[in-house]
Each structure stands twice: as C-alpha cells, then as structure tokens.
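Results of the structural survey
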Amino acid sequence: MKISKKSAAEVEKEYAENPPRAKGQWNDIVERVKKSGQAVEVTDLTKGQVAAATRKFKEVGLRYRAFYKDGKVLVLPAEGKK
C-alpha cells in the first residue's frame, strides 16, 4: 500500500471529477420487479453473471430460477404472506 499527501483542494477536485459508482444492474432489475409485480427473464448471461444475479435476488427475497447452461434467470416477485 502506498500513501501520499495531497491538498484538500486536489482531493476535492478529483472527487468531483469522478462520480460515485453507478447503480448496479441487478438493483435495477430488483426495483423493476418489486414496483411492477411482473416476472422478468434475463438472458445472454455468463455463468458468473447468473451466480451474481441469484445471490442478489436471494438476498432481497425475490423468487428466481437460474439456468446456468442457457445463461438465463427467471425472476418473480416475492410470494405474499399466507
């Protein structure tokens, strides 16, 4: 690890030029499914992307089915409480 000194003005300028990280693609899908209540199919994914998507959908409580060989994920809204 390398640490170097910078003035506050330099840091502020660099901070302003580099915007914060964009919202993730899985977060967009989660919001869309939760707001609309509609199921979606996400295709043309690598196996790693399928794994990342399933982790996210499980974390937020959405129902999903992953098809690693086909590179797709089906995402459904969470079931209502019974």
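See the structure printed just above.
Residues numbered from 1 in each chain as written. Predicted model: local features only at pLDDT ≥ 70, side-chain atom pairs only at ≥ 80, totals over all residues. Heavy atoms only, no water.

Counted under the stated rule, the structure contains one aromatic pair. Taking the centre distance of 6.1 Å and the plane angle of 80° together, the rings of Trp26 and Phe57 count as edge-to-face. With Trp26 in helix 2 (residues 25–36) and Phe57 in helix 3 (residues 47–60), the pair connects residues that are 31 residues apart, well separated along the chain. A cation over a ring is seen here: Lys72 above Phe67, with NZ or CZ 5.0 Å from the ring centre. (Phe/Tyr/Trp six-rings, centres within 6.5 Å; stacked < 30°, edge-to-face > 60°. Helix = DSSP H or I, 4+ residues; strand = E, 2+ residues; numbered from the N terminus. Lys NZ or Arg CZ within 6 Å of the ring centre and 35° of its normal.)

Moving on, we get to the sheet that holds strand 1 (residues 40–42). Spatially, 1-3-2 is the arrangement adopted by the three strands of the open sheet, whose pairing is antiparallel. Since the sheet does not close on itself, it has two edges, and those belong to strand 1 and strand 2 (63–67), each with one partner. Strand-to-strand twist across the sheet, computed as the mean angle between neighbouring axes with direction ignored, equals 15°. With three bridges joining them, strand 1 and strand 3 (residues 72–76) adopt antiparallel strand pairing. In the strand pairing of strand 3, Val42 is matched with Val73. Contacting strand 1 and strand 3, helix 2 runs over the sheet at an angle of about 165° to strand 1. (Pairing = 2+ DSSP bridges. Axes fitted to C-alpha atoms, helices over the stretch in contact; angles between N-to-C directions. Contact = heavy atoms within 4.5 Å.)

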